[in-house]
Structures are given as C-alpha cells and as structure tokens.
Amino acid sequence: MTQRKGEKPTISIQEHMAIDVCPGPIQPIKQISDYFPRYPRGLPAAAPHVGPLRSPLSTPSTSVSAAESERPNEDSPERACAGATASPQAVRRDEEPDVEGYDSDDSTTLGTLEFSLQYDQENNALHCTINKAKLPVPRYKKGLKPMDHNGLSDPYVKLHLLPGASKANKLRTKTLHNTLNPVWNETLTYYGITDEDMVRKTLRISVCDEDKFRHNEFIGETRIPLKKLKPNQIKNFNNCLEKQLPVNKTEDKSLEERGRIMISLKYNTQKSCLVVGIIRCAHLAAMDANGFSDPYVKTYLKPDENKKSKHKTAVKKKTLNPEFNEEFCYDIKYADLTKKTLEVTVWDYDIGKSNDFIGGVSLGINANGERLKHWFDCLKNKDKKIERWHTLTNELPGSLND
C-alpha cells in the first residue's frame, strides 16, 4: 500500500481483520467504534437501524453541548439492543388482549339475573318473579353469553327445588328469542311449600338457551337457600350466574319428589270416625307422552286386616294440578288412632295397561317432620279440620297393589 510523504501510515479494515485472524498471539477483539468514526448521535445511515434510533441525516452536524454529552446516550448501540429485546412498550403491546376474543371469568361472561322471591306462609306458596338478565361489562358484548351462531341467544329460565329435583318440581318461563338482554317480568309459583321446606330446601334458578334442532344449552345458574327468606316479605336479588354446580349424588334416590298433595284430617267425635279429605295436588310428575297425567288418589288406613280401608277419588284428565275436594270416613275409635298409619298414594290412570304410580306419603305415629306433626295436631284437636301440604315421593308406602 503506497504512502505519501508526511501522512501517517493507515491500514484498511480488511487488512486489519486479516491480521486479527492470522496465526500468532491472540489480539483483543475490536469494538465497532474502532472501525467507524464517532457520530454525534447514533450509527451512520449505512448501519442497520435497530430500535427507536434517530437518523444521523436529521441530526445537526454541530458539536454536542456539554449538558448533552453528560446525559446518557439514549440511542447508543448497547441501549438500542437492550431496548429491542425488552422494550416496555413492546411488552405492553403483546399483553393487550383481543377485545373481540376477550374471555374473562365466568362471573362476568355468564351474565347476571334479576329476580325476587316471596314466601306466602298463609297459602303455602313460593312466588318467584323473574325480571331480566344482563351483563353490564364494557369490555364484552353487553348481555348474556351468546350461545347461537348469530351471537344471540333464545333464553328461558327454569326452576328446581333441591334436594329432590325432578321434572315434577320444575317450573320455567317463556322463551325470548334473539336477545342478550331478555326481560321476562314473569312470576312462577310453587304451591304446597311448608315451613319445613323453607328450612331445608334450596331453589336452583338456571338460565338456558333453547335450540329447536339440538339439545338446549346451559348458560348459567344461581342457587338460593330458602331459609334466607322471611315469611310474607319480598326479597330482591341481582346475582351473577355461575357454572353448573354438581348435585349431591349421595342423596337417596327414593326421596325424589313427585309433586305435592293437600290433605285434611279431622276426628269426628259424634260419629267416632276419622275424616280424611283429599283436596288437591300440585306439580305432579308427568307420566304420559303428552306431558300430563290422568291422576287419581287412593287412601289406606293400616294395618288393615279386613282390607276394607281402601278409598279412591275420581280420575282427573290431562292435568298435573288436579282438584279433588273429596272426603272419606274411617270408623275407628279415638284410642286406636295411635296404632294406625294413613297411606296416601297418587296414580296415573291408563287404559289397557297397568296404572302408573306417581307418588305417595304416609301419616301416622311412625312418620316424622310435617307428616308426624299433622297427625298429632289431628289427635290434639278433635272435631277440627287440619289441612296440610305434603311432599309426594317415588317411594311406594308399604306393599300396595292397585
């Protein structure tokens, strides 16, 4: 390489690199700053642009002031490489969720339900008013969790009493179509609710999406222990819907509820007989394909050595809430009532085949709860009619034949 007089010897980058890789003593690795002249701010335009660096073309070529030289170089290669690997702004951008695909916890995505409950103690009725459902979450579509392809739902509400949930104690609202903000303002009533039910029962309220071509889909549910209610007072709720909670499988299946029956008892001292009144039934299990039953009631006073204690009501066609208002008399001494058990069974009448058992209940000295209390109240209050609601279960009292 030629050298003019008076000039300092120079060496090209290629030659310098060649020297570094030649055999011999290990030379220190050159820094990038050794190969390029220092620029006021940043790399030269030919260098790759890394991170949020400013172009030197837009930077004045004037010398940097003392204040600026003391300030850390924000655009240095080391700072730029560090920023490229861990830029706070880049991290925040990656963590930002997709609003359209946002899926938060179930207490927001499943929706909320507004409703009110009232226990009418005098009439043994539980009134459930279903008002509306909504989901006031600004980062999600307002309303219920959409279940259909059009982003909407066809919601309805159904009620069950636990334990002992069955089709017999299911109530449901009408279906509202293509909405995420349904307003029902519909009152559903359970009849035959006793003080004992209010202590041990829980009301399950489920919101579902009706589908004509497939199975209806579950949206969410909430559960209210009835012991939270005060008699004859309306209590308002606005609850978040939750995932479907498992039902306690340890429940005795023999206690599955099949409906309610109102029975009256009266001991007539003048005639020395027990008067049993079958007044009405409510929420009976549907036994026929049309969704109804043809119910009638039978009564027995056990033990019955002569098998003459059987009485039967008339059949009521196509109903789950029949009214009978019939009375039967059993000639019996007052002292013998402590040895007797009254068995009441409800049947579905069928033509050409065996009648279906719907449910039954036993009252007497060996009963418990409301059934025992009803029997004792009859014994203590002669010549007074005592009316009570009782729960029918699928357990057949005694060994009965139709």
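The structure presented is a predicted model; accordingly, all values stated were derived computationally and were not measured.

Asker: It is not clear to me how the pattern of salt bridges should be interpreted in this structure. Could you clarify?
Answerer: Side-chain pairs of opposite charge can arise where the charged atoms are in close proximity. Tallied over the entire structure, the rule returns 13 salt bridges. Measuring nitrogen to oxygen at the nearest pair gives 3.6 Å for the salt bridge that ties Arg-214 to Glu-217. Shared partners join several salt bridges into a network, and the residues in it are Asp-197, Arg-200, Lys-201, Glu-257 and Arg-260.

Asker: Can you walk me through the pairing of strand E6 (residues 202–209) in this structure?
Answerer: Remark: a regular strand shows side chains that alternate across the two faces of the sheet. A large share of E6 lies buried, amounting to seven of its eight residues. Direction of pairing for strand E3 (residues 155–162) relative to E6: antiparallel, over a ladder of eight bridges. Note on E6: the bridge partner recorded for Leu-162 is Thr-202. For E6 and strand E7 (residues 217–225), the ladder comprises eight bridges, and the chain directions are antiparallel. Its bridge partner lying in E7, Thr-202 is registered against Pro-225.

Asker: Where do I start with the nonpolar core in this structure?
Answerer: Counting residues in hydrophobic clusters, the biggest one holds 29 residues, and the most contacted among them are Ile-261, Ile-263, Leu-274, Ile-278, Leu-342 and Trp-375. Counting residues per element, the ones that place at least two in this core are strand E9 (257–268), strand E10 (273–282), strand E11 (295–302), strand E13 (323–331), strand E14 (341–348), strand E15 (356–364) and helix H8 (369–380). Aside from chain neighbours lying at most four places away, what touches Leu-274 is Lys-266, Tyr-267, Leu-301, Phe-328, Cys-329, Tyr-330, Ile-332, Leu-337, Trp-375 and Cys-378.

Asker: Please explain the environment of Glu-387 as it appears in this structure.
Answerer: By the secondary structure assignment, Glu-387 is in strand E16 (residues 386–393). Residues Glu-387 and Gly-277 lie 110 residues apart in sequence; the distance between their C-alpha atoms is 8.6 Å. What Glu-387 contacts, discounting residues up to four positions off in sequence, is Met-262, Ile-263, Ser-264, Ile-279 and His-374.

Asker: How should I be thinking about the side chain of His-374 in this particular structure?
Answerer: For His-374, the location among the structural elements is in helix H8. Side-chain polar atoms of His-374 contact the side chain of His-390, separated by 2.8 Å.

Asker: So what exactly am I meant to see when it comes to the sheet that holds E7 here?
Answerer: Where strands meet in a sheet, backbone hydrogen bonds hold them as pairs that are either parallel or antiparallel. With antiparallel pairing, the four strands of this open sheet are ordered in space as E4-E3-E6-E7. Because the sheet does not close on itself, it has two edges, and the strands there are strand E4 (171–172) and E7.

Asker: Which parts of the structure should I look at to understand the side chain of Thr-194?
Answerer: Tracing the chain through its elements places Thr-194 in the loop between strand E5 (183–191) and helix H7 (195–200). Residue class for Thr-194 comes out buried when judged on its relative accessible area of 8%. Those residues in contact with Thr-194 that sit more than four places away from it in its chain are Tyr-119, Asn-124, Arg-260, Glu-370 and Trp-389.

Asker: Could you clarify how one ought to interpret the packing of aromatic side chains in this entry?
Answerer: What characterises a pair of aromatic rings is the spacing of the ring centres plus the angle enclosed by the ring planes. If you walk through the whole model with that rule in mind, you get three aromatic pairs. Taking the centre distance of 5.0 Å and the plane angle of 10° together, the rings of Phe-115 and Phe-237 count as stacked. Taken together, the residues span a long stretch of sequence, with Phe-115 in strand E1 (residues 112–120) and Phe-237 in strand E8 (residues 234–240) at a distance of 122 residues. Side by side, Phe-115 and Phe-237 carry an identical accessibility label, which is buried. Of note, Arg-172 hangs over the ring of Tyr-156, and the distance from its end group to the ring centre comes to 3.8 Å.

Asker: Would you explain a positive patch on the surface in this entry?
Answerer: A surface patch of positive charge is lined by Lys-227, Lys-228, Lys-230 and Lys-235. Tracing the chain through its elements places Lys-230 in the loop between E7 and E8. Residue Lys-230 is classed as exposed on the basis of its relative accessible area, which comes to 53%.

Asker: Whenever I open this one, the sheet that holds E8 confuses me. Can you help?
Answerer: Reading across from one edge, E5-E2-E1-E8 is the order of the four strands in this open sheet, with antiparallel pairing throughout. Where the open sheet ends on each side, the last strands, each with one partner, are E5 and E8. Taking each pair of neighbouring strands and ignoring which way they run, the sheet shows an average axis angle of 20°. Inspection of the sheet shows E1 paired to strand E2 (residues 125–134) by nine bridges, in the antiparallel sense. Counterpart to Asp-120 in the pairing with E2 is Ala-125.

Asker: Would you mind showing me how to read unusual backbone geometry here?
Answerer: Glycine aside, negative phi is the norm for most residues, and most peptide bonds take the trans geometry. Here Leu-162 and Pro-163 are connected by a cis peptide whose omega angle stands at -5°. Its location among the elements puts Pro-163 in the loop between E3 and E4. For the bond running from Lys-302 to Pro-303, omega is -5°, close enough to zero to count as cis. Position of Pro-303 among the secondary structure elements: in the loop between E11 and strand E12 (311–312).

Conventions we followed
- Residues numbered from 1 in each chain as written.
- Predicted model: local features only at pLDDT ≥ 70, side-chain atom pairs only at ≥ 80, totals over all residues.
- Heavy atoms only, no water.
- Salt bridge = Lys/Arg side-chain N within 4 Å of Asp/Glu carboxyl O.
- Buried < 20%, exposed > 50% of the residue type's maximum accessible area, 1.4 Å probe, protein only.
- Helix = DSSP H or I, 4+ residues; strand = E, 2+ residues; numbered from the N terminus.
- Pairing = 2+ DSSP bridges.
- Core = buried A, V, L, I, M, F, W, Y, C linked by side-chain atoms within 4.5 Å.
- Contact = heavy atoms within 4.5 Å.
- Polar contact = N/O pair within 3.5 Å; in protein donor to acceptor, adjacent residues only side chain to side chain.
- Phe/Tyr/Trp six-rings, centres within 6.5 Å; stacked < 30°, edge-to-face > 60°.
- Lys NZ or Arg CZ within 6 Å of the ring centre and 35° of its normal.
- Patch = residues over 30% accessible without salt bridge, like charges linked within 9 Å, V, L, I, M, F, W, Y side chains within 5 Å.
- Areas by Shrake-Rupley, 256 points an atom, 1.4 Å probe, with all protein chains shown as cover.
- Lys, Arg positive; Asp, Glu negative; His and termini not counted.
- Charge placed at Lys NZ, Arg CZ, Asp CG, Glu CD.
- Axes fitted to C-alpha atoms, helices over the stretch in contact; angles between N-to-C directions.

In short, geometric facts, not functional conclusions.
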